[in-house]
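The chain contents come next:
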Amino acid sequence: DSRATVGPSSISYIFYFRRAKQQYIYSIVLPTVILTYSSFGTSLLDMRTGERLSYGMALALVIITQQIITAGFVPVSQEPLWMDKFVAWSFYFNILGLVESLVIGYLHFLKQDQIEAQKQEQKEEESKQNSNMIPSDENHDNEISPQVDSANSDQIPSPGQESHDDDTVGKPLNNSANYESG
């Protein structure tokens, strides 16, 4: 029994303290759980846009801010309280997700760079092969050259000659009717 009996002039009081559990649950535990679970959502975001890292960093800053605000609710103690550990582990899980995003992003873009390098090498090889296959000027003698129909030859100016007719200026020419296949 905690009652002291000193004498007739002494008064003894008994105090009972009870913590407001609801206050801690709603202001510390529930937001920490929500932030921790939302930090796992970084793996659902697209790697190519960079939103994974910004989302993870924003959550890390929110958790640090929550730790600062939570320090005012928690009583001072020599030993670390479970709430301090709870918020700290939430931060560690968030950082784990952030590091995972960094590693996956590095590997993803490394693979993309390798694929692009292979495509570039293939294009260079194709261009080398195509440059070796281009015929010389001697082989162009057998090509079919377009010839102008004599009935419509006044509508198409010859090279070096300009057309000054008012009815043909600014109008597109129908070249397919003017050429014959040789």
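Keep in mind that this is a model prediction, so the values were computed, not measured.

**Quick notes on helix α1 (residues 21–39)**
With 19 residues, α1 should cover 27 Å at 1.5 Å per step; its first-to-last C-alpha distance of 26 Å lies within 8% of that length. Most pronounced at Val29, the bend in α1 amounts to some 30°, and the proline Pro31 follows within four residues. For α1, the complete set of buried residues consists of Tyr24, Ile28, Val29, Thr32, Leu35, Thr36, Ser38 and Ser39.

**Quick word on helix α2 (residues 51–70)**
With 20 residues, α2 should cover 28 Å at 1.5 Å per step; its first-to-last C-alpha distance of 28 Å lies within 8% of that length. For α2, every residue scored as buried is listed here: Arg52, Gly56, Leu59, Ala60, Ile63, Gln66 and Thr70. Seen along its axis, α2 keeps its buried residues to an arc of 120°; they face one direction. For α2, exposure combined with an orientation more than 90 degrees from the buried face picks out Leu61, Ile68 and Ile69.

**Quick word on the environment of Ser43**
Mapped onto the elements, Ser43 comes out in the loop between α1 and α2. A relative accessible area of 37% means that Ser43 is categorised as partly exposed. Through-space distance from the C-alpha of Ser43 to that of Glu100 is 8.5 Å; in sequence the pair is 57 residues apart. For Ser43, the side chain forms a polar contact with the main-chain oxygen of Phe40, separated by 3.1 Å.

**What about the packing of aromatic side chains?**
Under the defined criterion, the tally for this structure stands at eight aromatic pairs. Residues Phe15 and Phe17 carry aromatic rings whose centres are separated by 6.4 Å and whose planes lie at 20° to one another, so their mutual orientation is stacked. Phe17 matches Phe15 in its accessibility class, with the two residues each being exposed. Every member of this aromatic cluster is reached through a ring pair, and the members are Tyr37, Phe40, Trp89, Phe91, Tyr92 and Phe93.

**Quick notes on a negative patch on the surface**
A cluster of acidic side chains, namely Glu121, Glu124, Glu125 and Glu126, defines a negative patch on the protein surface. Here Glu125 lies in helix α3 (residues 82–133).

**Regarding the environment of Phe86**
With respect to the helices, strands and loops of the structure, Phe86 is situated in helix α3. On the accessibility criterion, Phe86 (28% relative accessible area) is partly exposed. Residues Phe86 and Ile28, spaced 58 residues apart in sequence, show a C-alpha to C-alpha distance of 9.3 Å. Leave out the neighbours within four places in its chain, and Phe86 touches Val29, Thr32 and Val33.

**Some words on a nonpolar patch on the surface**
On the surface, Tyr37, Phe40, Trp89, Tyr92, Phe93 and Leu96 cluster together to form a nonpolar patch covering roughly 710 Å² of accessible area. It is α3 that contributes the most residues to the nonpolar patch, four residues altogether. Looking at the secondary structure, you find Tyr92 in helix α3. When its relative accessible area of 45% is taken as the criterion, Tyr92 is described as partly exposed.

**Quick look at the environment of Gln23**
Within the secondary structure, Gln23 is located in helix α1. Distance in space between the C-alpha atoms of Gln23 and Phe73 is 9.2 Å, their sequence separation being 50 residues. In contact with Gln23, other than residues within four places in its own chain, are Ile28 and Phe73.

**A word on the packing of α1 against α2**
Where α1 contacts α2, the axes come no closer than 10 Å and their chain directions differ by 165°. By the angle between their axes, α1 is roughly antiparallel relative to α2. In this structure, the crossing between α1 and α2 has a hand that is left-handed. Note on element contacts: α2 touches α1 through Tyr55, Leu59, Val62, Ile63, Gln66 and Thr70, opposite Ser27, Ile28, Pro31, Thr32, Leu35, Ser38 and Ser39. Class assignment for the residues of the contact of α1 with α2 results in seven nonpolar, six polar and no charged.

Reading the values: rules and limits
Residues numbered from 1 in each chain as written. Predicted model: local features only at pLDDT ≥ 70, side-chain atom pairs only at ≥ 80, totals over all residues. Heavy atoms only, no water. Helix = DSSP H or I, 4+ residues; strand = E, 2+ residues; numbered from the N terminus. Expected span 1.5 Å × (residues − 1). Bend = angle between axes of the 7 residues up to and from the residue. Buried < 20%, exposed > 50% of the residue type's maximum accessible area, 1.4 Å probe, protein only. Arc of directions from axis to C-beta. Polar contact = N/O pair within 3.5 Å; in protein donor to acceptor, adjacent residues only side chain to side chain. Phe/Tyr/Trp six-rings, centres within 6.5 Å; stacked < 30°, edge-to-face > 60°. Patch = residues over 30% accessible without salt bridge, like charges linked within 9 Å, V, L, I, M, F, W, Y side chains within 5 Å. Areas by Shrake-Rupley, 256 points an atom, 1.4 Å probe, with all protein chains shown as cover. Salt bridge = Lys/Arg side-chain N within 4 Å of Asp/Glu carboxyl O. Lys, Arg positive; Asp, Glu negative; His and termini not counted. Charge placed at Lys NZ, Arg CZ, Asp CG, Glu CD. Contact = heavy atoms within 4.5 Å. Axes fitted to C-alpha atoms, helices over the stretch in contact; angles between N-to-C directions. Parallel < 35°, antiparallel > 145°, perpendicular 65-115°, else oblique. Left-handed = near helix turned anticlockwise from the far one by under 90°. Nonpolar A, V, L, I, M, F, W, Y, C, P; charged D, E, K, R; others polar.

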